[in-house]
Amino acid sequence: MRKVVSRDGTTIAFEKSGDGPPIVLLNGSFRDHTIFDALVPELAPHCTTYVYDRRGRGESGDAPEYAVGREVEDLAAVIEAAGGEAVVFAGSSGANLALEAALAGVPITRLALHEPFYRVDGFPKPPWNVAKTTRVLLSENRRHEAVEYFLGSFLGLTPDSVAEWRRGPIWAMNETNAHTLPYDIAICGDYEVPVERLAEYRTEALVLNSDGTSDWLRAAARATADALPNGRGLELPGSWHRIDMDVLGRTLAEFATA
């Protein structure tokens, strides 16, 4: 992988593929750049894709103390490597991070978001002590339990869904990156859509959700789109917190090259 150095000296690893206008892909909770392995081939004929390991994951470095602002600087460093400005696509808690970067003035030409982790009225927030409990589990090296706790308490999955997730193909990646779960909890802040701050953001934005996702994620996507002056929402075919890859690829390619 290629490397770029973020403002605080942390090395961030990324891969570059394809040809066309640059688009940076930003992942969500406890995953690395490989989560986009199926999406990159869909975009590469139309765009130059940049996928990177967020700090603390994969081949990227980390720092002793975490701050959301450092991750904003990481994204800015990757965009600088992409030529100084780029379209950004971000999903899950990564969408919250991308919005923080956009509001901080990172040169994003267009912003596409998939189901940001906000909670709107009528949907309960995670437990008030979710961050502390997660840190305690990790400090005791109970990574397996930390992942299960995050999936249930933070994402709201049922015990049966957590058990199914545990049998799935990305469980090993989840455990490997479990130490970064407090990062994503911090990124989500108070879980409220920052309506007043978003009202000042004028860049074109596309907020996506799947037709098979949770009601709270659908509501969060719609509220985010409504809060952005140049935002629009779009529901696409998919399952829980996932859009069918061929549809997502076409949608993002059209958005990035329009």
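Residues numbered from 1 in each chain as written. Predicted model: local features only at pLDDT ≥ 70, side-chain atom pairs only at ≥ 80, totals over all residues. Heavy atoms only, no water.

### A short note on the nonpolar core
What counts is decided by this rule: Grouping buried Ala, Val, Leu, Ile, Met, Phe, Trp, Tyr and Cys residues that are joined through side-chain atoms within 4.5 Å yields what is termed a nonpolar core. When accessible area is computed with a 1.4 Å probe and restricted to protein chains, residues below 20% of their type maximum are described as buried, those above 50% as exposed, and intermediate ones as partly exposed. Secondary structure elements follow DSSP: runs of H or I of four or more residues count as helices, runs of E of two or more count as strands, with numbering from the N terminus. In this description, contact between two residues means that some pair of their heavy atoms is separated by no more than 4.5 Å.
Ranked by internal contacts, the top residues of the largest apolar core, which has 40 residues, are Val 24, Val 88 and Leu 111. Top contributing element to this core by residue count: helix H3 (residues 93-103), with six residues. Other than its neighbours up to four places away in sequence, Val 88 contacts Val 24, Leu 75, Ile 79, Ala 98, Ile 108, Arg 110, Leu 111 and Ala 112. Phe 117, Leu 138, Tyr 149 and Phe 154 belong to the second largest nonpolar core, which has 23 residues in total.

### Examining the sheet that holds strand S8 (residues 231-236)
Applicable threshold: Only strands that DSSP links by at least two bridges are regarded as paired with each other. Where helices are involved, their axes are fitted lines through C-alpha atoms of the stretch in contact, as for all axes, and angles between N-to-C directions lie from 0 to 180°.
Read across the sheet, eight strands follow the order S1-S2-S4-S3-S5-S6-S7-S8 without closing on themselves; strand pairing throughout is mixed. Each having just a single partner strand, strand S1 (2-5) and S8 make up the two edges of the open sheet. Within this sheet the neighbouring strands show an average axis-to-axis angle of 25°, counted without direction. As paired elements, strand S7 (residues 205-210) and S8 share six bridges and run parallel to each other. Within S8, the residue paired with Ser 210 across the bridge is Leu 236. Its contacts with the sheet put helix H11 (residues 245-257) on strand S3 (22-26), strand S5 (86-91), strand S6 (108-114), S7 and S8, and the angle it makes with S7 is roughly 175°.

### Focus on the side chain of Glu 73
Looking at the secondary structure, you find Glu 73 in helix H2 (residues 68-81). For Glu 73, the contacting residues outside a window of four places in its chain are Ser 6, Arg 7 and Asp 8.

### Observations concerning the packing of aromatic side chains
Aromatic rings in a pair are described by how distant their centres are and how their planes are angled relative to each other. Cut-off, in case you're wondering: Pairing of aromatic rings covers Phe, Tyr and the six-membered ring of Trp, with a centre-to-centre limit of 6.5 Å; geometry is then stacked below 30 degrees between planes, edge-to-face above 60, and tilted otherwise.
Under the counting rule described, the total for this entry stands at nine aromatic pairs. With centroids separated by 6.5 Å and ring planes inclined at 65°, the aromatic side chains of Phe 36 and Phe 89 adopt a geometry described as edge-to-face. Of this pair, Phe 36 sits in the loop between S3 and helix H1 (40-43) while Phe 89 is found in strand S5, placing the two residues 53 residues apart along the sequence. Phe 89 shares its class with Phe 36; the two are buried. A ring pair is formed by Phe 117 and Trp 216, whose centres lie 5.6 Å apart and whose planes are at 55°; its orientation type is tilted. Of this pair, Phe 117 sits in the loop between S6 and helix H4 (130-139) while Trp 216 sits in helix H10 (residues 215-227), and the two are 99 residues apart along the sequence. Here Phe 117 and Trp 216 have matching classes, each one buried. Each residue in the set Phe 30, Phe 117, Phe 150, Phe 154, Tyr 191 and Trp 216 is aromatic and connected to the rest through ring pairs, giving one cluster.

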